[in-house]
Amino acid sequence: MLDSTHESVDTAGETANEDAFHRALNTLPLEIAVPRKMIEVYQGTGPTLTSMAEQRRFVRFRYLTKAILRYKQSFPSIPRSDSLRLVLVTDVSKTGIGILNSEQLFPSERVNLWTSGKGILQITVARCRKVNDRCFEIGAII
């Protein structure tokens, strides 16, 4: 169970009740301090612009939406709370996802990401970049 206060949630990614997702989405506070210039970049839909220096296998598509994150205890030396967190999904591709979180995550750390329509995804952090004290840009592998 992802959280005992949100019923019909299974961390194996098999079941996730959409009603429970939306109730949780409406009760969690958004703790991310996203700079205005970043919001303007992430708004809209469609493929993202790439540069020749990027070595991506699949095209990323902008997709600004809210999702719910739950940490897994990946590293013994980094304590993680068991609570749910509201995050922003910024883009998706065939095998990856970009999110904004209020806390730093580390490469190889595994987390559960609960999204609308797709249920619970188990993702692995590939990179994390600090934007400000309460905004971290995270790239993860699905």
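This write-up is about the structure you can find in this document. No experiment lies behind these values; they were computed from the predicted model shown.

### Focus: the overall build of the protein
Right, on to step 1. The number of helices and strands found in the protein is two helices and seven strands.
Right, on to step 2. Starting at the N terminus and ending at the C terminus, the protein contains elements arranged as α-α-β-β-β-β-β-β-β.
Right, on to step 3. Put simply, 56% of the contacts in the protein that link residues at least 6 apart link residues at least 24 apart.
Right, on to step 4. Carbon and sulfur atoms provide 52% of the accessible area of the protein, an area that totals close to 8,300 Å².

### Topic: the environment of L88
Right, on to step 1. Structurally, the position occupied by L88 is in strand β3 (residues 84-92).
Right, on to step 2. A relative accessible area of 9% places L88 in the buried class.
Right, on to step 3. Expressed as a C-alpha distance, the spacing of L88 and Y63, which sit 25 residues apart in the sequence, is 9.4 Å.

### Focus on the pairing of strand β2 (residues 61-71)
Right, on to step 1. Here eight bridges tie β2 to β3, and the two strands are oriented antiparallel to one another. Across the sheet, T65 pairs through a bridge with V89, a residue of β3.
Right, on to step 2. In terms of strand pairing, β2 meets strand β5 (residues 110-115) through four bridges, oriented antiparallel. Looking at β5, one finds that I68 is bridged to W114.

### Quick word on the pairing of strand β4 (residues 96-101)
Right, on to step 1. Extensive coverage of β4 is indicated by the burial of six of its six residues.
Right, on to step 2. Covered by surrounding structure in β4 are G96, G98 and L100 together with I97, I99 and N101, the residues of both alternating faces.
Right, on to step 3. Bridge count for β3 against β4 is four bridges, and the pairing is antiparallel. Across the sheet, residue V89 finds its bridge partner in β4, namely I99.
Right, on to step 4. As defined by bridge partners, β4 adjoins strand β7 (residues 135-141) across six bridges and the pair is classed as antiparallel. Looking across to β7, one finds that G96 is bridged to I141.

### Comments concerning the nonpolar core
One recurring pattern in soluble globular proteins is that nonpolar side chains are buried together.
Right, on to step 1. One finds L69, I97, I99, L105, L113 and I123 to be the most contacted residues of the largest nonpolar core, which totals 15 residues.
Right, on to step 2. Listing elements by their share of this core, those giving two or more residues are β2, β3, β4, β5, β6 (119-132) and β7.
Right, on to step 3. If sequence neighbours within four positions are ignored, I97 has contacts with V89, D91, V92, L113, I123, I138, G139, A140 and I142.
Right, on to step 4. Residues F21, A24, L28 and L86 belong to the second largest nonpolar core, which totals 10 residues.

### A word on the side chain of T90
Right, on to step 1. With respect to the helices and strands, the residue T90 is situated in strand β3.
Right, on to step 2. Take T90: its relative accessible area is 1%, and that puts it in the buried class.
Right, on to step 3. A polar side-chain atom of T90 sits 3.4 Å from a polar atom in the side chain of D91.

Cut-offs applied
- Residues numbered from 1 in each chain as written.
- Predicted model: local features only at pLDDT ≥ 70, side-chain atom pairs only at ≥ 80, totals over all residues.
- Heavy atoms only, no water.
- Helix = DSSP H or I, 4+ residues; strand = E, 2+ residues; numbered from the N terminus.
- Contact = heavy atoms within 4.5 Å.
- Areas by Shrake-Rupley, 256 points an atom, 1.4 Å probe, with all protein chains shown as cover.
- Buried < 20%, exposed > 50% of the residue type's maximum accessible area, 1.4 Å probe, protein only.
- Pairing = 2+ DSSP bridges.
- Core = buried A, V, L, I, M, F, W, Y, C linked by side-chain atoms within 4.5 Å.
- Polar contact = N/O pair within 3.5 Å; in protein donor to acceptor, adjacent residues only side chain to side chain.

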